[in-house]
Amino acid sequence: MRRQNNLPRPKNFKPYTAPSGGWGSARSVANILRREGNPASGALTLTRQNKVDGFQCVSCAWIKPAKPLPFEFCENGVKATAWEITSRRCTPAFFAEHTVTELLDWDDYHLEQEGRLTHPMRYDAATDKYVPVSWGDAVADIGRQLHDIEDRENVVFYSSGRSSNEASYMYGLFARLYGNNNLPDSSNMCHETTSVALPESIGVPVGTVTLDDFATTECILSFGQNAGSNSPRILHPLQEASRRGVPIITYNPLRERGLESFTNPQSVTEMVAHEATPISSSYNQVRTGGDLAALTGICKALLELDHKAIQDHRPSLLDRDFIASHTHGFDRLSAWLRKQDWQAIERISGLPRAALTATAVTYAHSNSTIAIYGMGLTQHRAGVETVQMLVNLLLLRGNIGKQGAGICPVRGHSNVQGQRTVGITEKPELVPLDRLAQQYGFEPPRTKGLDTVEACEEILKGKIRAFIMLGGNFARAVPDRPRMEKAWRDMPLTVNIATKLNRSQLLPGATSYILPVLGRIEIDKTECGPQALSMEDTSGCIHGSRGVRLPASRHLISEVRLVGEIAKATLDPNPKVSWDDWIADYSLVRRAIAETYPDTFSDYEDRMWEPGGFQRPLPARHRGWHTKNGKANLMTPTSKSLGEDRDLPSNGEDVFHLMTLRSNDQFNTTVYGYTDRFRGIHGTRDIVFMNTVDIERLSLSSGDRIELQTVSRDGIERRHGGLSIIPYDIPVGCIGAYYPEANVLLPMGHYAIGSKTPAAKSIPVTIRRDMIS
Ligand SMILES: Nc1nc2c(c(=O)[nH]1)N[C@H]1C(S)=C(S)[C@@H](COP(=O)(O)OP(=O)(O)OC[C@H]3O[C@@H](n4cnc5c(=O)[nH]c(N)nc54)[C@H](O)[C@@H]3O)O[C@H]1N2
Ligand SMILES: Nc1nc2c(c(=O)[nH]1)N[C@H]1C(S)=C(S)[C@@H](COP(=O)(O)OP(=O)(O)OC[C@H]3O[C@@H](n4cnc5c(=O)[nH]c(N)nc54)[C@H](O)[C@@H]3O)O[C@H]1N2
Ligand SMILES: [Mo]
């Protein structure tokens, strides 16, 4: 049986002491290509990664530079490429051998290890197997079923952030022509907190930093982002900054190797000399969920230092001109900061006042500061207020809209940002609906659609009639897995547009399809010749991308074509929407996008091939504030708890705060292997990181098996057992385990206030010895 529980306990847990990158990374790259059966041609493919006229990496959304390195990829980019160009195939013969019930017993790793899906498949309830179906029959049946659904608000169009701008634009238009704004996406589980927080503060939903800013910055603040595993190419600008003597101040509960030191695997000198650059100049192990308190402390300390400077007749430490002419809310925020109690700040952040003040001192000496952050800030109940407090800190010294400074949320999926830009959103106010109405001669739906959590709630109520999934593994990525999986099968129609087998596909309802598509790395040829696609990186730069590999199977079709075909089969004909022309020539989709969004996409076709891509207009970069009051807003938190969970029911047991994390050997629900190299874990994912003080206090030992149970507010019992204890450098009271396995513990109602991003980084749990395993 291919179940993870049969894997051995972590015998040889040994903390990783080498730098990130370096020889470990180089060895790993060679092994990955071999593992996927592609050592030679895979290496050739990699030379085209993130290059003009090559393909954009399918892994993270980190900035693609105008002057790429000879090898502009990282170890995890290689894994993502190798995963897509693997020589393994998941064919109809495989599906004929295994029932869906049997496959449900497999773990994520073994499911995706079957390789690329090759044929469209339809679920056959009589045999409990997926059977081959022709594209024509599949599309016609889906179109007929969607067309016949009367309550069109009960159909969901999910997308994971990997699809191109072209496919995403068509998908969003399809949903709106169909009759709803139910376009949840992976961003709802990820940086939605950013998309809610930043517009209120600075009037743009995305980061304001470019690579040039890294070259001149004087200080970098890094919060809750595991750069070494999740966006390793960021380590190059961080390394350069560190060498220039730029302080890099990190806030992270775990000591992550990638944030400690780095050897550039592309530098012969560094590799030969085993030379490593320290990354963080100061490492603050904040408690999980303690960042609002920590940032409040840093802002408060800055005000105190400023007060002292003024008393001493020294220049102010705040950018008072900027505050006066560009911002709103300073008096209210500073009064609130003065009122905050240092004891509460220290307790909730887990950091001493002196450490927070030290950050404020370094920050006060810098003329231009960048703040980077990831899931460690967004996936918390107080995530929105936390991101806004980080922006407050920047605004107090005018660090938005000037060279070398800005806010830098590191987006996850490689095109999650671009999808939003071209209309994938449940929020109608973010889309130029009037322009769509004019362009396509229809009345677009104006009511808000379902986001991820709301879609799940409707599925749990049994209301959703059909769920279309453009990429991703929704059922596996969302909270409350057992309840969701049960309810998933009650949906009459589920359509999985995918490249690999995953768990969402194994929960079929009455009708279920697996529709395999081309990946971005593959050559996409239509009757008009080879087609290009485009995507946007985390700095708002839009790049062209061309596939370079032969398709994994001759039966695959592109996402653009599939979305167009399903739309045609579903909708009544509309002479203004030329699905067939778009399917044949993707430049016509880009022309349509430019018509809908003229300010962003003028000269789209040419500019996407410029080195480094073209930048979408972001007024905050030039101190234009597209907020309601035309100012940058210093936001005062309205919650009274500084992010602390005060209303937890208690039965007297110790409550721990669980963060759910990615290993170095996975991409979200795709598990490449069982090695989390930088954290010293080999051969398993069934572990819990825990402080030795906590381990001893609970009379447990390293390697003991434990069970976690969520502290329940809704009366539902959630348990996750068979986990081995790994003693780790993590604050007392905080523990860590891997996502997605730990999602069974995450309640649907536990999300960031304001953005509904599931609060996956702070789940209150209790710990018990596991007697069963
Ligand atoms: N190889 C690889 N690359 C990826 C992905 C992948 O799975 N694998 N996923 C992609 C996606 S979709 C995303 S969104 C990004 C995710 O990339 P990250 O934002 O790095 O997300 P996580 O791996 O979940 O790790 C979060 C980090 O935040 C820290 N953290 C946890 N809780 C807190 C807290 O309360 N405060 C602070 N300050 N820190 C905290 C953790 O210790 C960890 O270092 O990566 C993208 N890139
Ligand atoms: N507990 C907990 N839960 C979390 C998180 C967490 O940190 N903790 N993180 C959240 C975050 S940040 C995110 S982004 C979500 C991720 O949620 P999703 O984006 O839904 O999940 P992925 O695992 O990225 O999806 C993997 C699947 O995508 C398909 N795929 C890959 N490439 C392509 C392609 O080119 N086209 C198509 N059509 N399909 C493709 C493959 O079949 C693969 O099985 O999970 C969220 N859930
Ligand atoms: Mo994400």
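Scroll up to find the structure.
Just so it is clear, the structure is predicted and the values come from calculations on it, not from any experiment.

Peer 1: Sorry, what's going on with the site of ligand 2 here?
Peer 2: Neighbouring residues of ligand 2: 34 residues in total, closest Glu112, Tyr158, Glu559, Thr669 and Tyr739. For the shell around ligand 2, the elements supplying multiple residues, two or more each, are α25 (474-477) and β16 (493-498). Looking at the shell around ligand 2 residue by residue, the class counts come to 14 nonpolar, 14 polar and six charged.

Peer 1: Would you mind going over the sheet that holds strand β20 (residues 532-536) with me for this structure?
Peer 2: If you walk across this open sheet you meet the three strands as β20-β21-β22, and the pairing is antiparallel. With partners counted over all chains shown, the strands left at the sheet margins are β20 and β22 (614-615), one partner each. Two elements, β20 and strand β21 (residues 541-546), share five bridges in a ladder whose sense is antiparallel. Of the residues in β21, the one forming a bridge with Met535 is His543.

Peer 1: I tried to follow the packing of helix α7 (residues 135-148) against helix α27 (residues 559-570) on my own but got confused; where do I start?
Peer 2: When two helices pack together, their arrangement is given by the angle between their axes and by how far apart the axes lie. Their axes nearest at 7 Å, the elements α7 and α27 cross at an angle of 50°. Overall, the two elements α7 and α27 adopt an arrangement that is oblique. Crossing hand, α7 versus α27: right-handed. On the side of α7, the interface is formed by Trp135, Val139, Ile142, Gly143, Arg144, Leu146 and His147, while α27 contributes Leu562, Glu565, Ile566, Ala569 and Thr570.

Peer 1: What is the right way to read the site of ligand 1 from this model?
Peer 2: Taken together, 30 residues surround ligand 1, and among them Asn252, Glu256, Gly289, Asp291 and Gln666 come closest. Note that a nitrogen atom of ligand 1 is positioned 3.0 Å from one of the backbone N or O atoms of Ser229. A distance of 2.6 Å separates a nitrogen atom of ligand 1 from a polar backbone atom of Gln666. With the chains in place, 99% of the 910 Å² that ligand 1 exposes on its own is no longer accessible. Broken down by secondary-structure element, the contributors of at least two residues to the shell around ligand 1 are α11 (227-230), α20 (375-378), β24 (656-661) and β25 (666-667). Grouping the amino acids of the shell around ligand 1 by side-chain chemistry returns ten nonpolar, 16 polar and four charged.

Cut-offs used in this document
- Residues numbered from 1 in each chain as written.
- Chains lettered and ligands numbered in written order.
- Predicted model: local features only at pLDDT ≥ 70, side-chain atom pairs only at ≥ 80, totals over all residues.
- Heavy atoms only, no water.
- Near = heavy atom within 4 Å.
- Helix = DSSP H or I, 4+ residues; strand = E, 2+ residues; numbered from the N terminus.
- Nonpolar A, V, L, I, M, F, W, Y, C, P; charged D, E, K, R; others polar.
- Pairing = 2+ DSSP bridges.
- Axes fitted to C-alpha atoms, helices over the stretch in contact; angles between N-to-C directions.
- Parallel < 35°, antiparallel > 145°, perpendicular 65-115°, else oblique.
- Left-handed = near helix turned anticlockwise from the far one by under 90°.
- Contact = heavy atoms within 4.5 Å.
- Polar contact = N/O pair within 3.5 Å; in protein donor to acceptor, adjacent residues only side chain to side chain.
- Areas by Shrake-Rupley, 256 points an atom, 1.4 Å probe, with all protein chains shown as cover.

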